[in-house]
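Residue-level structural notes
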Amino acid sequence: MTVSTEGMKVNWGSRSWRASVELLSSMRFSISLLTVICIASIIGTVLKQAEPLGNYVNQFGPFWAQVFSLLSLNTVYSAWWFLLILAFLVISTSLCIARNAPKIFADLNQLKENVREQSLKAFGHRADAALAEAPEAAARRIGQTLVQSGWKVKLQQRAGNGWMVAAKKGSANKLGYIAAHSAIVLVCVGGLLDGDMIVRAQMWLNGKSIYAGGGLIADVPVQHRLSDKNPTFRANLLVAEGTQSGIAILNQPGGVLLQELPFSIELKKFIVEYYSTGMPKLFASDIIIHDKETGEKIPARVEVNHPASHRGIEIYQSSFDDGGSSVTLKAIPMAAASKPFEIQGTIGGSSQLTNGQGEGAEKMTLEYTALRVINVENFASGGSMGSGADVRKVDLHQAIDTRLGAANKTVTQKELRNVGPSVSYKLRDASGQAREFHNYMLPVKTDPAEDSPAVYLMGVRETPAAPFQYLRIPVDAEGGMETFLRLRAALANPAQRELAVKRYASQAIGRERPELMQQLAASTSRALALFAGEDAGGAAGSSGIAGKPKTAAGLQAISDFMEANVPEAERNRAGEVLIRILNGALFELTQMTREQAGLKPLGQDEKTRAFMSQMVLSLSDANFYPAPMAFELKDFTQVQASVFQVARAPGKTIVYLGCAFLILGVFAMLYVRERRVWVWLAPRGKEGVQADDGNVAGSMPESVEGHSHATMALSTNRKTMDGDKEFEMLKMKLLQAPL
């Protein structure tokens, strides 16, 4: 029996109806639908699903983001066209099974013993032999031998004392076809039951609608809530430590639906362990399930791949988040008008700020977005800090060795280090524009040189798709950044700059050469003014939330001055002199601020030189910091939250059954061969018989009885080497009584 790819033929209805039924039940239509589903699944795997529209705009642009939204490619598995294709695939595959299953089951019991003896000569596997047995005795011996080998056998006596032995083995091959196609139906049905089809049906029939607003969960109207009797759902539930919740959230295109649960989950403790790379290797939740109907309290532990279950609802550990940690931030002035202060907030909340005084004061919103207690960074020479490899050197042995051997070998060497907590926040102006900031709590030593100072890292980026750019503020001898703040304030003060200029000129030249000292003082004053960003009117440049300083400042101002006033041939020499003057003046300004603060002056050593070099770079970069203030994390109280996925999935068992059917079906179709063997036994005649080797077996007298001529043929659904070996083995076992 062969399985046809054509569809079901019906003899009633219009021509269009008959053509539609034939197409819907054909195998080619099922394969086409399955191909479309596979392509859609690839898209759903490659393209992140259910992300905010802004994320797609940032990554792919507004045109493709609109295309994804129109075609529902950002929610493939819940798209109406995907569910419709699944439904058609179920119907088409079911019709294919209904069309072919009766033929397959009927063929299981058919041994085709009525085949004509002349037809056996057309088979590829065929053998003839003369047996010293009567046809009936040979037939019974051959049948018994086949039965002992697991064959299903039937004997048929024909006219003329001839006997036909028909046998069959490997019928499970055809059952594999039914099992594999049934698996497709079961998996699709399970997918439809566990998908959004039931939820959408409730929205259509019960007047439920998607909620697109904000506010408290308790204030969401009933038309946006699903009953705890909902037969199927898969929702997310965030529970902070020490709190409990019994309402989960179903993410939908354009908003959410609230799913009532027959119980509430209380999070007692959240546990997280990390690998050396900073990735979590274990996160688990100790919870108490509060049954709303009975009031029973059931303790449980939920880990990844180890869910808890209650009232037919599985509770999975999905991820973890911040549960409302409290942070204390200290404002670091980045503009002359800003003053230092401390502010407390909660992650996920916001605070209102005012920059300046009077009617022109700028109002801003400080949004606390994230607190990370652990930050593991790669500080190897080939890591994020840059590579120090000599590109001219080619070491083939080392190159091969780094790529072979243990699986933990990598081309990129890693030096992982936990740099401590960090805080992320956004500063949003009155027009709604915001920048994102990421500041580390502890200083980080980014340069492996012994004398290099540790630095405070303060990152900023314009969009979520852009990387953070960091301002590096060196740590002073007291372990803070107060020296930077005092020096920045003194740099913006003309009187302080003048004092530093006089000190520098006096120490560099001496009072015995007043003319030269006056020239040096003028050059030094000009360099400090340029570096401070002072314009012609004497106002120092300042930066605001809008971005760049009003006038050029820092090393950029020095560069602009050189290009505008110094011939190109003399710029290198003049630039070296001007930078040396600037460094000396800034050092004296630093010493002045430390004396005024009652601190001992800095020493004249390599460590101080490295500190001042980084300080000059920090002061220069600070002019371009796009906010009037930065916020340093001073203290925090972490509150963790666990994100659970709660699911009532009646289709899960059906999908598992479908997977089992698929495994059995594929195994049966690939590894089980259907074979049929026929042996025709006829009485021997006097003319002799030509054996399968081409030689004449010999002539027997007409009166000789008890001898027979055997013709054997083997049929298999696949031509393989195993089939050839089996035929030779059967020929030896069944035709073992030659004359």
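Residues numbered from 1 in each chain as written. Predicted model: local features only at pLDDT ≥ 70, side-chain atom pairs only at ≥ 80, totals over all residues. Heavy atoms only, no water.

Comments concerning the packing of aromatic side chains
- Per the counting criterion, the structure on display carries 17 aromatic pairs.
- An angle of 35 degrees between the planes, with centres 6.4 Å apart, marks the rings of Trp-64 and Phe-68 as tilted. With a gap of four residues between them, Trp-64 and Phe-68 both fall in helix α4 (residues 62-70), about one helical turn apart.
- Their ring planes at 80 degrees and their centres at 6.2 Å tell us that Trp-81 and Phe-82 sit as a pair that is edge-to-face. Across the pair, exposure class does not vary: Trp-81 and Phe-82 are buried alike.
- Taken together, the ring pairs in this structure connect Tyr-56, Phe-60, Phe-63, Trp-64 and Phe-68 into an aromatic cluster. (Phe/Tyr/Trp six-rings, centres within 6.5 Å; stacked < 30°, edge-to-face > 60°. Helix = DSSP H or I, 4+ residues; strand = E, 2+ residues; numbered from the N terminus. Buried < 20%, exposed > 50% of the residue type's maximum accessible area, 1.4 Å probe, protein only.)

Focus on the sheet that holds strand β18 (residues 422-428)
- On the basis of which strands lie adjacent, the open sheet formed by six strands has the order β14-β15-β18-β19-β20-β21 and antiparallel pairing. Of all strands in the sheet, those with a lone pairing partner are β14 (350-355) and β21 (469-474), marking the two edges. Between one strand and the next, the sheet's axes are offset by a mean angle of 25 degrees, whatever the strand orientation.
- Looking at chain direction, strand β15 (residues 362-372) and β18 are connected through seven bridges and run antiparallel. Counterpart to Leu-366 in the pairing with β18 is Leu-427.
- Of the strands in this sheet, β20 (455-461) and β21 are in contact with helix α15 (residues 606-622), which crosses β21 at around 135 degrees. (Pairing = 2+ DSSP bridges. Axes fitted to C-alpha atoms, helices over the stretch in contact; angles between N-to-C directions. Contact = heavy atoms within 4.5 Å.)

Some words on the side chain of Ser-325
- Residue position: Ser-325 is located in the loop between β11 (313-322) and β12 (326-333).
- Of the polar contacts made by the side chain of Ser-325, one reaches the backbone nitrogen of Val-639; its length is 2.8 Å.
- Among all residues touching Ser-325, those that are not within four sequence positions of it are Gly-345, Thr-346, Ile-347, Leu-371, Thr-637, Gln-638 and Val-639. (Polar contact = N/O pair within 3.5 Å; in protein donor to acceptor, adjacent residues only side chain to side chain.)

Details of the packing of helix α12 (residues 514-532) against helix α13 (residues 554-565)
- In contact at an axis separation of 7 Å, α12 and α13 are set at 125 degrees when each is read in the N-to-C sense. Taken together, the axes of α12 and α13 are oblique relative to one another. Counted together, Arg-526, Ala-527, Leu-530 and Phe-531 of α12 and Gly-554, Leu-555, Ala-557, Ile-558 and Phe-561 of α13 form the full contact between these two elements.
- Residues belonging to the contact of α12 with α13 are distributed by class as follows: seven nonpolar, one polar and one charged. (Parallel < 35°, antiparallel > 145°, perpendicular 65-115°, else oblique. Nonpolar A, V, L, I, M, F, W, Y, C, P; charged D, E, K, R; others polar.)

Considering helix α6 (residues 135-148)
- For α6, with 14 residues, the first-to-last C-alpha span of 20 Å sits near the 20 Å given by 1.5 Å per residue.
- Within α6, the full set of buried residues consists of Pro-135, Ala-138, Ala-139, Arg-141, Ile-142, Gly-143, Thr-145 and Leu-146.
- Packed against the buried residues of α6 are β1 (125-131), β2 (152-158), β3 (162-169), β24 (675-683), β25 (708-716) and α17 (721-734).
- Just past α6, the residue Gly-150 takes up positive phi, approximately 95 degrees. (Expected span 1.5 Å × (residues − 1).)

Some words on the pattern of salt bridges
- Inspection of every chain in the model, using the stated rule, returns 30 salt bridges.
- Ionic pairing is found between Asp-128 and Arg-126, a salt bridge with its closest N-O pair at 2.9 Å.
- Asp-128 sits in the buried class, given a relative accessible area of 14%.
- Residue classification places Arg-126 among the partly exposed residues on the basis of a relative accessible area of 35%.
- For Glu-462, the salt bridge is made with Arg-435, and the minimal N-O distance between the two is 2.7 Å. Taken together, the residues span a long stretch of sequence, with Glu-462 in the loop between β20 and β21 and Arg-435 in strand β19 (residues 434-440) at a distance of 27 residues.
- By relative accessible area, which is 12% here, Arg-435 ends up buried.
- Salt bridges linked by common partners bring Asp-107, Lys-168, Lys-174, Glu-674 and Arg-676 together as one network. (Salt bridge = Lys/Arg side-chain N within 4 Å of Asp/Glu carboxyl O.)

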